[in-house]
Amino acid sequence: MSLEVKPTTRLIDVLRDDLGLTGTKEGCGKGDCGACTVLLDGIAVNSCLVLAVQADKKEVTTVEGLGSPDELHPLQEAFLRNGAVQCGYCTPGVLLSAKTLLDRNPKPTREQIAVAISGNLCRCTGYKQIIDAVADVAQVIGAERAAN
Ligand code: FES
Ligand code: FES
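Residues numbered from 1 in each chain as written. Chains lettered and ligands numbered in written order. Predicted model: local features only at pLDDT ≥ 70, side-chain atom pairs only at ≥ 80, totals over all residues. Heavy atoms only, no water.

1. Describing the sheet that holds strand 3 (residues 60–61)
Step number 1: With respect to topology, three strands assemble into an open sheet ordered 2-1-3, the strand pairing being antiparallel. A strand with exactly one partner marks an edge of an open sheet, and here the two such strands are strand 2 (43–46) and strand 3.
Step number 2: Each of strand 1 (37–40), strand 2 and strand 3 touches helix 3 (residues 91–104); the most contacted strand, strand 1, lies at about 35 degrees to it. (Pairing = 2+ DSSP bridges. Helix = DSSP H or I, 4+ residues; strand = E, 2+ residues; numbered from the N terminus. Contact = heavy atoms within 4.5 Å. Axes fitted to C-alpha atoms, helices over the stretch in contact; angles between N-to-C directions.)

2. Comments concerning the packing of helix 2 (residues 74–81) against helix 3
Step number 1: Remark: helix 2 packs on helix 3, axes separated minimally by 10 Å, with the N-to-C direction vectors making an angle of 125 degrees. When the interaxial angle is binned, helix 2 and helix 3 end up oblique. Taken as a pair, helix 2 and helix 3 cross one another with a handedness that is right-handed. Contacts from Leu75, Gln76 and Phe79 of helix 2 reach helix 3 at Thr91, Val94, Leu95, Ala98, Lys99 and Leu102.
Step number 2: Its residues placed into classes, the contact of helix 2 with helix 3 shows six nonpolar, two polar and one charged. (Parallel < 35°, antiparallel > 145°, perpendicular 65-115°, else oblique. Left-handed = near helix turned anticlockwise from the far one by under 90°. Nonpolar A, V, L, I, M, F, W, Y, C, P; charged D, E, K, R; others polar.)

3. Side note on the side chain of Thr62
Step number 1: With respect to the helices, strands and loops of the structure, Thr62 is situated in the loop between strand 3 and helix 2.
Step number 2: In terms of polar contacts, Thr62 uses its side chain to reach the side chain of Glu64, at 2.7 Å.
Step number 3: Setting aside chain neighbours within four positions, we find Thr62 in contact with Leu15, Leu21, Thr24, Val38 and Leu96. (Polar contact = N/O pair within 3.5 Å; in protein donor to acceptor, adjacent residues only side chain to side chain.)

4. Here we look at the environment of Pro69
Step number 1: Following the sequence through the fold, Pro69 ends up in the loop between strand 3 and helix 2.
Step number 2: Counting along the chain gives 35 residues from Pro69 to Arg104, while the straight-line C-alpha distance between them is 26 Å.

5. Notes on the environment of Asp41
Step number 1: Mapped onto the secondary structure, Asp41 falls in the loop between strand 1 and strand 2.
Step number 2: Classification of Asp41 as partly exposed rests on a relative accessible area of 47%.
Step number 3: Sequence separation of Asp41 and Thr91 is 50 residues, and the distance between their C-alpha atoms is 20 Å.
Step number 4: If near-sequence neighbours (up to four positions away) are discounted, Asp41 is found in contact with Lys58 and Glu59. (Buried < 20%, exposed > 50% of the residue type's maximum accessible area, 1.4 Å probe, protein only.)

6. Some words on the nonpolar core
Step number 1: Leu75, Phe79, Val94, Leu95, Leu102, Ile130 and Val134 are the most contacted members of the largest nonpolar core, which has 23 residues in total.
Step number 2: Beyond its immediate stretch of four places on either side in the chain, Val94 contacts Phe79, Ile117, Asn120 and Ile130.
Step number 3: Grouped together as the second largest cluster of nonpolar side chains are seven residues, Val38, Leu40, Val45 and Ala55 included. (Core = buried A, V, L, I, M, F, W, Y, C linked by side-chain atoms within 4.5 Å.)

This is how it looks when you write it as structure tokens:
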């Protein structure tokens, strides 16, 4: 897909306004909350701090690319199982931070999970359920790999 954008347009604005991918949320707009987290070539970035032109020729993954209502990603299933989604505003960003962690490290410790999501603020859960959910899916992935 190719789009023409102004040099000053932020990635989050292209995603939400031009492409209608409103799963990516804007919170602080200045790099503090992580609500706008997306993956750029597999690395979690704050899309409010990235210019759209910086994504040129890169793969951008938003929460819409993770799973669908009919086919949830294992992380999304684990978040539901563990009560890690409350108001849900932080959830798309947290899911993508967790995905980039699990892609690099399929068996993270709770401390490593906490570090990986430390850029994502959540006002509702106190983080325990989120860490439980990521640890839960890490276990499922580990069991699947062991079985194959
Ligand atoms: S909206 Fe981007 S970090 Fe808060
Ligand atoms: S679930 Fe509400 S901010 Fe995280």
